[in-house]
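A look at the structure
What follows is the residue order along each chain.
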Amino acid sequence: MKFDLLNLHPGTFGLDISDRSLKAVLLKKHRKRLRIESFRGILLPEGVIQGGEVQDIEKLAEFIKKTVTKLRGLDTRQVIVSLPEEKSFIRLLRMPVMPAQEIKEAVRFEAENYIPFSIDKVYIDSQIILSPDKDKDYAEVLLAALPRKTVDPYVNALYGAGLIPVAMETESQATARALIKGSYTQKPVFIVDMGATSTNFSVYSGHSLRFTSFIPFSTNSLTAVLAKALKIGPSEARKAQFLYGFQKKGGRAKRVFEALLPAVTGFIEEINKHIDYYQTHSSQETKNNADMDVRELIFCGGGARIKGLAGFMSQETGLIVRKGNPLANLPWEEKLNKKISKDELLPFATAVGLALRGYKIESYD
Ligand SMILES: Nc1ncnc2c1ncn2[C@@H]1O[C@H](COP(=O)(O)OP(=O)(O)OP(=O)(O)O)[C@@H](O)[C@H]1O
Ligand SMILES: [Mg+2]
């Protein structure tokens, strides 16, 4: 028997915790290629987490344990976890050029001016985006802050489930890591992550997120609209949403389309408004450069699986709309494993991004 100790890698494991679901992804290296070993999602009952705040730490620990038990091949207790977008503050700051350590320290002082909490009540994370070009006299720093009272119960639940959280980050940071190939875009890309309880918006440009926001509109909002309009129960509405989606075809599909149209139109208006907001608040150089207008949208989360919705979005916004590819930074996975469909993975983009944080990706196709 041969023991190949040097190649014995434990997996990296990402856990996306949402109000109504837990989603876990385990990545492992096989012959130096990073691949998805297993992934699992389970629903959370109402009342465990609400609006991003943990209501019942013990129940959450119990459901985390349940998810972990179902994750095939799990050989680590270390986990990277998402934190709710709606409780986080993300800002891109410009700082004078100075050594990295000094920038990090200065950001802590600056942070007070940007976040609506006193500094001793939040956890702060900062990331220097680009070493400044020779012709730039500033450095860009991404600042993320979350209230301690929001984060601590998540940490307690994770320890309660026997796990060790080694890193935590906001949903949009993780989602972008999964979807943006090589973590770089020449032009700004608008990301829409439509989930069961809310939709996150973000803009990624260059080497970083530039903007994040969220709205409470969700796939559940669409189900509720449908149930009301067609006078049917929630589970029947859910079935119709899965079966017909949002397509202007004949018969029942058309009735579903018409029932959903006002809500979807309102949703698209929100998208346009957020894009406008980003563009009018971006830096002067970006604003004066039409080349840096948002022209592309990446759609992910369970909402992106609704048939016809991505196409309609493209038609109404005039943007190039692509469904996100959670395997964008796992190119070998795509070639080797035809069984995992990208569509099925759309709701797992955040969890894939969390798991990816554990690895330094060496090469891209
Ligand atoms: N094939 C499908 N067709 C239509 N809708 C779908 C399909 N698959 C998933 N959905 C919708 O996506 C929802 C789940 O999305 P997702 O997993 O992204 O939510 P979440 O991450 O748990 O929620 P959030 O991020 O808002 O807290 C389901 O409730 C369902 O309405
Ligand atoms: Mg989600």
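Residues numbered from 1 in each chain as written. Chains lettered and ligands numbered in written order. Predicted model: local features only at pLDDT ≥ 70, side-chain atom pairs only at ≥ 80, totals over all residues.

**Concerning the sheet that holds strand β15 (residues 320–323)**
Strand order in the open sheet formed by five strands is β13-β12-β11-β14-β15, and the pairing between neighbours is mixed. Whereas interior strands pair on both sides, the edge strands pair on one side only; in this sheet they are β13 (208–215) and β15. Going from strand to strand, the sheet's axes swing by 20° on average, the running direction of each strand aside. One ladder, built from seven bridges, connects strand β12 (residues 199–206) with β13; its direction is antiparallel. Looking at the pairing, S202 lines up with T212 of β13. Contacting β14 (296–300) and β15, helix α9 (residues 309–317) runs over the sheet at an angle of about 165° to β15. (Pairing = 2+ DSSP bridges. Helix = DSSP H or I, 4+ residues; strand = E, 2+ residues; numbered from the N terminus. Axes fitted to C-alpha atoms, helices over the stretch in contact; angles between N-to-C directions. Contact = placed C-beta atoms within 7 Å.)

**Some details on the site of ligand 1**
Taken together, the neighbourhood of ligand 1 is formed by 18 residues, with S18, S21, G195, G302 and P347 sitting nearest. Of the residues in the shell around ligand 1, the class split is four nonpolar, 11 polar and three charged. (Near = placed C-beta within 6 Å. Nonpolar A, V, L, I, M, F, W, Y, C, P; charged D, E, K, R; others polar.)

**Overview of the packing of helix α5 (residues 219–230) against helix α7 (residues 251–281)**
At a minimum axis separation of 9 Å, α5 and α7 run at an interaxial angle of 120°. The orientation of α5 relative to α7 falls into the category oblique. Like other packed secondary-structure pairs, α5 and α7 cross with a definite hand, here right-handed. Contact residues: S221, L222, V225, L226, A229 and L230 in α5; R255, V256, A259, L260 and A263 in α7. Of the residues that constitute the contact of α5 with α7, the class distribution is nine nonpolar, one polar and one charged. (Parallel < 35°, antiparallel > 145°, perpendicular 65-115°, else oblique. Left-handed = near helix turned anticlockwise from the far one by under 90°.)

**What about the nonpolar core?**
Counting residues in hydrophobic clusters, the biggest one holds 95 residues, and the most contacted among them are V25 and A355. With eight residues, the top contributor of residues to this core is α7. Those residues in contact with V25 that sit more than four places away from it in its chain are G14, I36, F39, F348, A351, V352 and A355. (Core = buried A, V, L, I, M, F, W, Y, C linked by C-beta atoms within 7 Å. Buried ≥ 20, exposed ≤ 12 C-beta atoms within 10 Å, placed from the backbone.)

**Quick word on the pairing of strand β9 (residues 138–147)**
Of all 10 residues in β9, seven are buried; the element is thus mostly enclosed. Note that strand β7 (residues 89–96) and β9 share eight bridges and pair antiparallel. Across the sheet, the residue bridging to L93 is V141, located in β9.

**Observations regarding the sheet that holds strand β6 (residues 78–83)**
Overall, mixed pairing links the five strands, which are arranged β3-β2-β1-β6-β10 in an open sheet. Strands at the two margins of the open sheet, each flanked by one partner only, are β3 (33–43) and β10 (164–170). With direction set aside, neighbouring strand axes in the sheet form an average angle of 20°. As judged from the two bridges shared by strand β1 (residues 12–17) and β6, these two strands associate in the parallel manner. Within β6, the residue paired with L15 across the bridge is V81. Relative to strand β2 (residues 21–30), helix α1 (residues 57–69) is tilted by about 35°, and along the sheet it contacts β2 and β3. Helix-sheet contacts for helix α4 (residues 171–179) involve β6 and β10, and the interaxial angle to β10 is about 90°.

**Some remarks on the confidence of the model for the protein**
Mean pLDDT over the protein stands at 89; residues scoring 70 or higher make up 92%. Confidence drops under pLDDT 50 across residues 1–8; counting only partners more than four residues distant or on other chains, this segment forms zero contacts. (pLDDT = per-residue confidence, 0-100.)

**Here's the deal with unusual backbone geometry**
In this model, S183 sits at a positive phi of 55°, which is unusual for a non-glycine residue. One non-glycine residue, K231, adopts positive backbone phi at about 55°. Along the chain, K231 falls in the loop between α5 and α6 (234–244). We classify K231 as exposed; it has 7 C-beta atoms within 10 Å.

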